[in-house]
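# Results of the structural survey
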Amino acid sequence: MYNKKDLVKNLNELNYFIDEATLNNFIRNWKIDAIYEDEDGIEFYDNLAIIKLKKGISLKSQGYANEQIAHHIKNIAEEKQPQPKKEVKNLPAEKPALPSELQNLTIDVTGQTLQMLADAVAAKITADIKEQIQKSEFVTQLLEDGSLKKDNEILSQKVEELTQDNKKLAKRVEELELSRKRFPINFEYFRKFFN
């Protein structure tokens, strides 16, 4: 398993020179999922992620768009998926069975892997629920504090003041128009002659 720093180091060793910011963009744009996230939020990737990144970088250098690259990478993932094992019927009697210790070891490793994945999924779900609760509590607190209500009242007052100012201005313009109609003489015109 590799964290993002390990991925950058591994890709640089393979002559794919990128930094961590570029790696983050590639992972996001090409929809490369982590296989595990620890309690500190550090994501871990497998060898398939390296294969996807190498293919994606190669396609990017050829001018492919991110959507096309994501599609090609998804196809890689489907090709690399292990095929279901076919049942073998009528095994020859001379085929030796695996020792019970080896069978137990395989089961134990699988059990540990499943437990690790279950713990990671549970931690992720718990973190998401906590985040949603915190967001909900923040909105509730804002409503209880009345800060949103105060802001709305202040904005309402400002709008009312602006409306009153507009009415005053409209009235003043109307008065000036009436004044102009009553006294059509343009005093500015005559002022030129007397100065």
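This section reports on the structure supplied with the text. Here the structure is a predicted model, which means the values were calculated and not measured.

With that out of the way, let us pick up the overall build of the protein. When you go through the protein residue by residue, the secondary structure sums to seven helices and two strands. Mapped from its N terminus to its C terminus, the protein presents α and β elements in the order α-α-β-β-α-α-α-α-α. By residue count, 15% of the 195 residues in the protein fall in the buried class. Sequence separation of at least 24 residues holds for 54% of the intrachain contacts in the protein that already meet a minimum separation of 6. Taken as a whole, the protein presents about 16400 Å² of accessible surface, with 55% of it coming from carbon and sulfur.

Let's shift gears to a nonpolar patch on the surface. Taken together, the side chains of Val121, Ile125, Ile129 and Ile133 make up a nonpolar region of the molecular surface, amounting to roughly 350 Å² of accessible area. Tracing the backbone shows Ile129 in helix α5 (residues 100-145). Judged by relative accessible area, which is 47%, Ile129 ranks as partly exposed.

The subject of this paragraph is helix α3 (residues 47-61). Between the first and last C-alpha of α3 there are 21 Å, a value that for 15 residues agrees with the 21 Å anticipated at 1.5 Å per step. Turning to α3, its buried residues are Leu48, Ala49, Ile50, Lys52, Leu53, Gly56, Ile57 and Leu59. Taken from the residues just after α3, Gly63 is the one with a positive phi, measuring 95°.

Time to look at the layout of surface pockets. Computed from the structure, the largest pocket encloses a volume of approximately 300 Å³. Lining the largest pocket are 19 residues, and of these Glu37, Asp38, Ala120, Ala123 and Lys124 lie nearest its centre. Elements with a minimum of two residues in the lining of the largest pocket: β1 (36-37) and α5. In terms of residue class, the lining of the largest pocket is made up of eight nonpolar, two polar and nine charged.

Tracing the backbone through its elements, the reader meets Leu11 in helix α1 (residues 4-13). Classification of Leu11 as buried rests on a relative accessible area of 0%. Separated by 43 residues in the primary sequence, Leu11 and Lys54 place their C-alpha atoms 7.7 Å from one another.

The subject of this paragraph is the packing of α1 against helix α2 (residues 20-29). Each packed pair of helices is defined by two parameters, the angle between the axes and the distance between the axes. The geometry of α1 relative to α2 is characterised by a closest axis approach of 10 Å and an angle of 105° between their N-to-C directions. Judged by the angle between their axes, α1 and α2 are roughly perpendicular. For the pair α1 and α2, the contacting residues are Lys4, Lys5, Leu7, Val8 and Leu11 in the first and Glu20, Leu23, Asn24 and Ile27 in the second. Among the residues making up the contact of α1 with α2, the classes are represented as five nonpolar, one polar and three charged.

This part covers the packing of α1 against α3. Running from N to C, α1 and α3 cross one another at 55°; their axes reach a closest spacing of 11 Å. If you check the angle between α1 and α3, you find them oblique. The way α1 lies across α3 gives a crossing that is right-handed. Counting all contacts with α1, which are made through Leu7, Asn10 and Leu11, the residues of α3 involved are Ile50, Leu53 and Lys54. Here the contact of α1 with α3 is composed, by residue class, of four nonpolar, one polar and one charged.

Of all hydrophobic cores here, the largest spans 17 residues; its most connected members are Leu7, Leu23, Trp30, Ile32 and Leu53. At the level of secondary structure, the elements contributing two or more residues to this core comprise α1, α2, α3 and α4 (66-80). Here this core takes five residues from α3, the largest share from any one element. Apart from the residues within four sequence positions on either side, Leu23 is in contact with Lys4, Leu7, Val8, Leu11, Ile18 and Leu53.

What counts, and at which threshold
- Residues numbered from 1 in each chain as written.
- Predicted model: local features only at pLDDT ≥ 70, side-chain atom pairs only at ≥ 80, totals over all residues.
- Heavy atoms only, no water.
- Helix = DSSP H or I, 4+ residues; strand = E, 2+ residues; numbered from the N terminus.
- Buried < 20%, exposed > 50% of the residue type's maximum accessible area, 1.4 Å probe, protein only.
- Contact = heavy atoms within 4.5 Å.
- Areas by Shrake-Rupley, 256 points an atom, 1.4 Å probe, with all protein chains shown as cover.
- Patch = residues over 30% accessible without salt bridge, like charges linked within 9 Å, V, L, I, M, F, W, Y side chains within 5 Å.
- Salt bridge = Lys/Arg side-chain N within 4 Å of Asp/Glu carboxyl O.
- Expected span 1.5 Å × (residues − 1).
- 1 Å grid on protein atoms, 1.4 Å probe; cavity = no way out; pocket = protein on both sides within 12 Å on 5 of 7 lines; lining within 4 Å.
- Points joined across faces, edges and corners; volume = space filled by probe spheres on them.
- Nonpolar A, V, L, I, M, F, W, Y, C, P; charged D, E, K, R; others polar.
- Axes fitted to C-alpha atoms, helices over the stretch in contact; angles between N-to-C directions.
- Parallel < 35°, antiparallel > 145°, perpendicular 65-115°, else oblique.
- Left-handed = near helix turned anticlockwise from the far one by under 90°.
- Core = buried A, V, L, I, M, F, W, Y, C linked by side-chain atoms within 4.5 Å.

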